[in-house]
Amino acid sequence: MEDLYRAIADPTRRAILDELVDRNGQTLFEICGRLTLKHGIHSSRQAISQHLEVLESAGLVVTKREGRCKFHWFHGGPLKAIAKRWPTDGRRS
Amino acid sequence: MRINLSSVLVDDQEKALRFYTGTLGFRKKHDIPLGAHRWLTVVSPEDPDGTELVLEPDEHPAVKPFKSALVEDGIPFTSFAVEDVAAEHERLAALGVKFTLPPTDFGTVIAAVFDDTCGNLIQIAQRTGAGPG
């Protein structure tokens, strides 16, 4: 299990999450296209694939196969731990 | 020198001919028996004397792992030009074609990607501005 904070510390990985929130369920091809176009990130597919592995290991991305394609989905569940640790209203419930 | 042929590697030539003509709307140009397979090409009705697309058998052992790896990552190896990606997406989806990328604006190009049923992902693209593509 990758550390959640390490996973979201990287700007490219945050951009990947932004794009998956924009449209959930993307192939690696689509993610790379969006990062290039919308964020000016020109990393190799291999590098993006490794970022996705870190996000998947932290539980923030899940992959599902449909047919022979692999799609990536944002999964926000682990982020609850942050708000639980530091409540957004400043108090623990 | 000019480019007169391009190939897609298909798992079944007869099925490919049905998809590329019946569904996509290309026309058969050459169909020559060649042992176990055929020299089989299609052209666009908009450009019948233009570049021919060869529907090439994918039997070589190196081909299937290559095709699978591209499909897994959603990568189209072949791209066709269309006037209106959204209209083509609507037309093809109604015919049951499965898209892995819906029409998406990439700045200078609008593109979509679909499964050709023969083991390939195909991009259709419409240029919307200056730049490559």
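Just so it is clear, the model here is predicted, and its values are computed rather than measured.

K.L.:
Just checking my understanding: could you explain the overall build of chain A for this structure?
P.N.:
Along its length, chain A carries 5 helices and 2 strands. By its C-alpha atoms, chain A is 45 × 30 × 25 Å across when sized along the principal axes. Here chain A, with 93 residues, has 25% of them falling under the buried criterion. Taking contacts inside chain A between residues at least 6 apart in sequence as the whole, the part at least 24 apart equals 49%.

K.L.:
I would appreciate a short explanation of the interface of chain B and chain A in the present structure.
P.N.:
Much of the literature gives interface size as the accessible area that the parts lose upon coming together. Across the boundary between the two partners, chain B contributes 10 residues, which contact 9 residues of chain A. For the side of chain B that touches chain A, the secondary-structure elements that each account for two or more residues are α2 (63-72) and β6 (99-105) of chain B. A per-element tally of the side of chain B that touches chain A places α2 of chain B first, with 3 residues. Across the side of chain B that touches chain A, the residue classes break down as 4 nonpolar, 4 polar and 2 charged.

K.L.:
Please clarify how helix α3 (residues 85-94) of chain B should be interpreted in this entry.
P.N.:
For the α-helix, the turn length of 3.6 residues means that residues three or four positions removed from each other point alike. Residues and elements named next belong to chain B. For α3, the complete set of buried residues consists of V85, E88 and H89. Burial along α3 is one-sided: seen end-on, the buried residues are contained in an arc of 105 degrees. Facing away from the buried side of α3 by more than 90 degrees, the exposed set consists of A87, E90 and A94. Taken together, the buried residues of α3 touch β6, β7 (109-115) and β8 (121-127). Immediately downstream of α3, the backbone of G96 shows phi near 95 degrees, a positive value.

K.L.:
Whenever I open this one, the sheet that holds β8 of chain B confuses me. Can you help?
P.N.:
Remark on secondary structure: sheet strands pair via backbone hydrogen bonds, oriented parallel or antiparallel. Residue and element names in this part refer to chain B. Across the sheet, which stays open at both edges, the 4 strands sit in the order β5-β8-β7-β6 with mixed pairing between neighbours. Every other strand in the sheet has two partners, leaving β5 (78-81) and β6 as the edge strands with one partner each. Between one strand axis and the next, the sheet turns by 20 degrees as a mean value, whatever way the strands run. Here α3 sits on the sheet in contact with β6, β7 and β8, set at roughly 160 degrees to β6.

Criteria and cut-off values
- Residue numbering note: each chain is counted from 1, following its sequence as written.
- Whichever chain is written first is A, and whichever ligand is written first is 1; the rest continue in order.
- Per-residue local features of the predicted model are confined to residues with pLDDT of at least 70, and side-chain atom pairs are confined, for both listing and counting, to 80 or more; whole-chain, interface and lining totals are unaffected and use all residues.
- Under the scheme used here, helices are H or I runs from DSSP no shorter than 4 residues and strands are E runs no shorter than 2 residues, and both carry numbers assigned from the N terminus.
- Backbone-placed C-beta atoms define the burial measure: a residue is buried with 20 or more other C-beta atoms within 10 Å of its own, exposed with 12 or fewer, and partly exposed in between.
- C-beta atoms are placed from the backbone for every residue, and two residues are taken to be in contact when these atoms lie within 7 Å.
- Three residue categories are used. Nonpolar comprises Ala, Val, Leu, Ile, Met, Phe, Trp, Tyr, Cys and Pro, charged comprises Asp, Glu, Lys and Arg, and polar comprises the others, including Gly.
- Arc definition: it is the arc formed by the directions from the helix axis to the C-beta atoms.
- At least two DSSP bridges between two strands are needed for those strands to be called paired.
- In this analysis an axis means a line fitted to C-alpha atoms, helices contributing only their contacting stretch, and an angle means the value between N-to-C directions, from 0 to 180 degrees.

Function cannot be inferred from these measures alone, as they are strictly geometric.
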